[in-house]
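Listed below, chain by chain, are the residues.
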Amino acid sequence: MNSSFNMGLPVWRGLKELVMFKTIASALCGCLLLSTLAFGQANGHLQIHFMDVGQGDGAVLISPRGEVVLFDVGKDMKRKDCTKPVSYLDQLHITKIDYLFVSHYHFDHIGCIPDVLEQFPLQHEAYDRGQSYPGATYTAYVEAVKPHRTTAIPGTSVELDKGSGHSVFITVKAVNGNGVSTSNENDLSLTALVGYDGFRAEIGGDLSGDNANQYADIETGVGPNVGHIDVYKVHHHCSSHSTNEAWLKDTTPTIGIISTGDNNAYGHPTADCLERLHQVGIKTYWTEHGNGAALEPEFDEVAGNVVVEVTPGASTFSVSSGAQRLASYPITGGASPNVVPPSSPAASGATYAWSKNSNVYHHADCKYVQSISSQNLATGSNPPAGKTLHKNCPLH
């Protein structure tokens, strides 16, 4: 009996050591998994996710080191449901929200904030335009963000990733009409400028650019304060009252993001807003097809959730939808809009350029030519037969 025991002792000790090893390994793996989930949203790049929330608005910024900022989270005007933004944030492995910027108090911009913050707790300030607004949606928003609620003023700024050498800055450029007397809630939208190295993006809610139908032109006064931007979150879902010529001249965006919902009751995006964008060669990405003007394949693309990504010190930014990379664009910073890149058709001596799949052609130094893929790009010294010249072709 003792002999059997002595023979089994090394085996028992081996089994004990194996169990202890597995236990320690499991604990280490668990810690690693928790760490991955806590910081899994950060990938070393600046990410701005323009979420498809239906007929509403919502974007989430993730800094290279993983700080998370929300810009509005609206409830779809038809479905009145918050499943899409909550699910999207969860899939990004987000566990908390560091800062919140609210443009204005309409249902389609703040309706899902209580649901989102219930699952992803707010850590710091919730910046909004102050004052008050009637209705249960506003009351629920205030209840969800206090005591974090903070009234923003022009110049209010947040710095993310401090000490990294590549900080992300979010600066309020205008709020409450920018000095224009108006009571229209859209006109009162907070305008935020995102800066990361040379990259710039503007998110301005439902800011108006038209003195008609109880709207006031706020865009014209704000444009010079914003300056050149690479990415423009198109104001007011590309309504006819947004995106005026003065705004586009002062900000010279490279691309526009249009948040719109299928079968919406407002006719968004509208033909006149799109025409103003197209006339200056701006490529647009839509979250849904909407219920307004038909897209023009040369300029417009329905992409669902649109993700803009920038690497530290990069000279380009990328646009993707899900796992599909859609395009890459140069970061133009504050450069003159008339500078022609060395690789452009104009620099190579061509007079005209066009896409093989389009019915229009461009002057070779037109800004839009940069967004034509190399496999579709054609050039020549004479206008191509069967195509019409791009109206007001903008020089780059």
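Whatever comes next refers back to the structure up there.
Quick look at the structure, then. Remember, predicted model here, so these are calculated numbers, not experimental data.

1. A word on the sheet that holds strand β6 (residues 149–151)
Then comes step 1: Here we have nine strands laid out as an open sheet, ordered β6-β5-β4-β3-β2-β1-β15-β16-β17, and mixed in their pairing. Whereas interior strands pair on both sides, the edge strands pair on one side only; in this sheet they are β6 and β17 (324–330). Neighbour-to-neighbour, the strand axes of this sheet turn through a mean angle of 20°, independent of strand direction.
Then comes step 2: Bridge analysis of strand β5 (residues 126–128) against β6 gives three bridges, and the strand direction is parallel. Counterpart to A126 in the pairing with β6 is R149.
Then comes step 3: Of the strands in this sheet, β4 (99–101), β5 and β6 are in contact with helix α5 (residues 136–145), which crosses β6 at around 110°.

2. Examining the nonpolar core
Then comes step 1: Core analysis: the biggest nonpolar cluster contains 37 residues, and L61, F71, F101, F199 and F317 have the highest contact counts within it.
Then comes step 2: Excluding residues within four positions of it along the chain, F71 makes contact with G58, A59, L61, F101, I170, A192, V194 and I203.
Then comes step 3: By size, the runner-up hydrophobic cluster in this structure holds 30 residues, among which are I62, V68, V142 and V307.

3. Quick word on the side chain of Q55
Then comes step 1: With respect to the helices and strands, the residue Q55 is situated in the loop between β1 (46–50) and β2 (58–62).
Then comes step 2: For Q55, a relative accessible area of 2% corresponds to the buried category.
Then comes step 3: For Q55, the contacting residues outside a window of four places in its chain are K75, D76, M77, D108, H237, T260, G261, N264, Y266 and H268.

4. Examining the pairing of β2
Then comes step 1: Counting buried positions along β2 yields five of five residues, so the element is predominantly enclosed.
Then comes step 2: The side-chain alternation of β2 yields two buried faces, one formed by G58, V60 and I62 and the other by A59 and L61.
Then comes step 3: Inspection of the sheet shows β1 paired to β2 by four bridges, in the antiparallel sense. Directly across from H49, in β2, lies its bridge partner V60.
Then comes step 4: Here β2 pairs with strand β3 (residues 68–73) via five bridges, running antiparallel. Of the residues in β3, the one forming a bridge with G58 is V73.
Then comes step 5: The loop that links β2 with its antiparallel partner β3 comprises five residues; one of these, G66, has a positive phi angle of about 100°.

Parameters at a glance
Every chain is numbered independently, its residues counted from 1 as its sequence is written. Two thresholds apply to this predicted model, a pLDDT of at least 70 for residue-level local features and 80 or more for giving and counting side-chain atom pairs, whereas whole-chain, interface and lining totals are computed over all residues. Values reported for side chains reflect all heavy atoms of the structure, with hydrogen atoms and water molecules removed beforehand. Strands were regarded as paired on the criterion that DSSP finds at least two bridges between them. Secondary structure is summarised from DSSP: a helix means a run of H or I of at least four residues, a strand means a run of E of at least two, and numbering begins at the N terminus for each. Axis geometry follows a simple rule: fit a line to the C-alpha atoms, using only the stretch in contact for helices, then measure angles between N-to-C directions, giving values from 0 to 180 degrees. In what follows, a contact means two residues having at least one pair of non-hydrogen atoms within 4.5 Å. Nine residue types can take part in a nonpolar core, namely buried Ala, Val, Leu, Ile, Met, Phe, Trp, Tyr and Cys, and a core is a set of them joined through side-chain atoms within 4.5 Å. Only protein chains enter the accessibility calculation, which uses a 1.4 Å probe; a residue is then buried when its area is under 20% of its type maximum, exposed when over 50%, and partly exposed in between.

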